[in-house]
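Structure at a glance
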Amino acid sequence: MTGHEKSVAIAQMRPDKRVDPEHRMRLDAAIHRQGRGWLSGRDGGRPWQLSRTNRVVACFGALLILLLISPLLLGLALAIKFTSPGPVMFVQKRTGYRGRKFGMYKFRTMVSNAEELKESLRHLNKHGADAIDFKIDKDPRVTGIGALLRRTSLDELPNLINVVTGDMRLVGPRPTSFNAYRYKDNHLARLSIYPGMTGLWQISGRSNIDFDQRVELDLSYIAEQSLLLDLKILLKTPFKVFSGHGAS
């Protein structure tokens, strides 16, 4: 999870597909891979995560989950509304496929002015004050109900909306709150597929590992991506998430 929250207006949520030419060349050089069809195995085909099949399955799966958990979502929304001033949900700009920016839905877990307080807390960043990732153990900006939502990752359930709209998949690298310009060259390959709600990071340590280690897991997933691997990750995720292991 990110260590800060900055909401953006719904009207600003349209994915940003404009990337300046120089940065686009840097991205292309880093993420160019010979495609291999996920079903046929032939060169030049689409891998599993970029396939139309994945898109359709993820969309319908997200819609079904949203329908099944709608009472839970309503209960969480009411709990947030009555225990902390501010909006129930927020939309945060995240970096997704090929460095495109999109608005990611989450339940609000911090005080409404969390972003303004970020710089004053940078020295508490568990990965170092100058680290590319920003996470704080026992972040003072987190609300009471927010701590529970983060520990169980229930705050991320609205990500299902992003899966329906196509900005995310059920499984894939977690989208970052910082843009692709801040990525090192060896980080950019993780942008070669769509971001996901869960992935190898969530079942392998979550926020207890730094960004370089996350990238290693992401590249491992990209190299091995398949329907079977996604199913394994999806089955393991609830056990890891609800244990609170590595949550921040």
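Calculation rules
- Residues numbered from 1 in each chain as written.
- Predicted model: local features only at pLDDT ≥ 70, side-chain atom pairs only at ≥ 80, totals over all residues.
- Heavy atoms only, no water.
- UniProt positions renumbered as here; feature names shortened; annotations may be inferred.
- Core = buried A, V, L, I, M, F, W, Y, C linked by side-chain atoms within 4.5 Å.
- Buried < 20%, exposed > 50% of the residue type's maximum accessible area, 1.4 Å probe, protein only.
- Helix = DSSP H or I, 4+ residues; strand = E, 2+ residues; numbered from the N terminus.
- Salt bridge = Lys/Arg side-chain N within 4 Å of Asp/Glu carboxyl O.
- Expected span 1.5 Å × (residues − 1).
- Polar contact = N/O pair within 3.5 Å; in protein donor to acceptor, adjacent residues only side chain to side chain.
- Pairing = 2+ DSSP bridges.

An unreviewed UniProt entry lists the protein under the name Sugar transferase, with Pseudomonas granadensis as the source organism. Quoted verbatim from the Sequence similarities (unreviewed entry) heading of the UniProt record, the comment on the protein is "Belongs to the bacterial sugar transferase family."

On to the nonpolar core, then. With 29 residues, the main nonpolar core has Phe107, Leu149, Leu160, Val163, Leu170, Tyr221 and Ile233 as its most contacted residues. Secondary-structure elements contributing two or more residues to this core are helix H2 (52–68), helix H3 (70–83), strand E2 (101–107), helix H5 (144–152), helix H6 (159–165), strand E3 (169–171), helix H7 (211–224) and helix H8 (227–242). By residue number, the principal contributor to this core is H3, which donates 4 residues. Judged by nonpolar contacts, the second largest core, of 9 residues, contains Leu27, Tyr183, Leu188 and Phe211.

Now for the pattern of salt bridges. Under the counting rule described, the total for this entry stands at 5 salt bridges. Here aspartate 185 makes a salt bridge to arginine 26, at a shortest N to O gap of 2.7 Å. With aspartate 185 in the loop between E3 and strand E4 (196–198) and arginine 26 in helix H1 (residues 21–31), this residue pair connects regions lying 159 residues apart in the sequence. For aspartate 185, a relative accessible area of 53% puts it in the exposed group. A relative accessible area of 25% means that arginine 26 is categorised as partly exposed.

Relative to the 20 Å expected for 14 residues at 1.5 Å per residue, H7 spans 20 Å between its end C-alpha atoms, a close match to the ideal helical length. Where H7 starts, the residue carrying a side-chain oxygen 3.3 Å from the main-chain nitrogen of aspartate 212 turns out to be aspartate 210.

A few words now on the UniProt feature "transmembrane region" (unreviewed entry) in the protein. Per the UniProt record, "transmembrane region" (unreviewed entry) is found at residues 56–80. From the first C-alpha to the last, residues 56–80 spans 32 Å; its make-up is 96% helix and 0% strand.

Here we take up the pairing of E2. Extensive coverage of E2 is indicated by the burial of 7 of its 7 residues. Neither face of E2 is open: one carries Lys101, Gly103, Tyr105 and Phe107, the other Phe102, Met104 and Lys106, and all of them are buried. Hairpin connection of strand E1 (residues 89–95) to E2: 5 residues between the antiparallel strands, including arginine 98 at a positive phi of 55°.

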